[in-house]
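The lines below spell out each chain.
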Amino acid sequence: KGFCVKNCDKDEQATVALALRDISALTWGTLKQAPRKGIGYENIYAIRKSIPAIAVSRQLIAFRVGELFRLVGFRERQTFFVLWIDPKGQVYKH
């Protein structure tokens, strides 16, 4: 609860939309090589929230879209599934 786009203000919603547009324009190979403080991502190993059943056995990753703002989810083949939209950096320890 609380990590849905519906709970974001208009600026945060715009940030999510722009980040997803930018991420979707690149290949996973490019994203993997990109710096994690740029358009790249980082693997997440410790999470502060309950992991949904669909993601229990998956490697969680986070895209940085702002100072603390992260999109956290998992990759399956060529698709990134967003589990948490986290504007305040609360889902995992930075």
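The paragraphs below set out a description of the structure included in this document. (Residues numbered from 1 in each chain as written. Predicted model: local features only at pLDDT ≥ 70, side-chain atom pairs only at ≥ 80, totals over all residues. Heavy atoms only, no water.)

1. Quick word on helix α1 (residues 10-24)
Spanning 15 residues, α1 covers 21 Å between terminal C-alpha atoms, matching the ideal 21 Å at 1.5 Å per step. The set of residues buried in α1 consists of Glu12, Val16, Ala19 and Ile23. Take α1 and look down its axis: the buried residues cluster within an arc of 70°, on one side only. Exposed positions of α1 whose direction lies more than 90 degrees from the buried face are Lys10, Asp11 and Ser24. In this structure, the buried residues of α1 make contact with α2 (28-33), β2 (60-64), β3 (70-76) and β4 (79-86). Between a side-chain oxygen at the N-terminus of α1 and the backbone nitrogen of aspartate 11 the separation is 3.1 Å; the capping residue is aspartate 9. (Helix = DSSP H or I, 4+ residues; strand = E, 2+ residues; numbered from the N terminus. Expected span 1.5 Å × (residues − 1). Buried < 20%, exposed > 50% of the residue type's maximum accessible area, 1.4 Å probe, protein only. Arc of directions from axis to C-beta. Contact = heavy atoms within 4.5 Å. Polar contact = N/O pair within 3.5 Å; in protein donor to acceptor, adjacent residues only side chain to side chain.)

2. Concerning the packing of aromatic side chains
Per the stated rule, a full pass over the model turns up five aromatic pairs. Of the aromatic side chains, those joined through ring pairs into one cluster are Trp28, Tyr41, Phe63 and Phe80. (Phe/Tyr/Trp six-rings, centres within 6.5 Å; stacked < 30°, edge-to-face > 60°.)

3. Things to note about the pairing of β2
Burial analysis of β2 places four of its five residues in the buried class, the great majority of the element. Inspection of the sheet shows strand β1 (residues 41-44) paired to β2 by four bridges, in the antiparallel sense. When the bridges of β2 are listed, isoleucine 44 appears paired with leucine 60. Hairpin connection between β2 and β3: a loop of five residues separates the two successive antiparallel strands. (Pairing = 2+ DSSP bridges.)

4. Comments concerning the pattern of salt bridges
Counted according to the given criterion, the structure contains five salt bridges. With its nearest N and O atoms 3.6 Å apart, the salt bridge here joins glutamate 67 to arginine 64. Given a relative accessible area of 22%, arginine 64 falls into the partly exposed group. The partner of glutamate 76 in a salt bridge is arginine 77, with the nearest N and O atoms 3.6 Å apart. A relative accessible area of 27% means that glutamate 76 is categorised as partly exposed. For arginine 77, a relative accessible area of 66% gives the class exposed. What you see here is one network of salt bridges that share partners, running through Arg58, Glu76 and Arg77. (Salt bridge = Lys/Arg side-chain N within 4 Å of Asp/Glu carboxyl O.)

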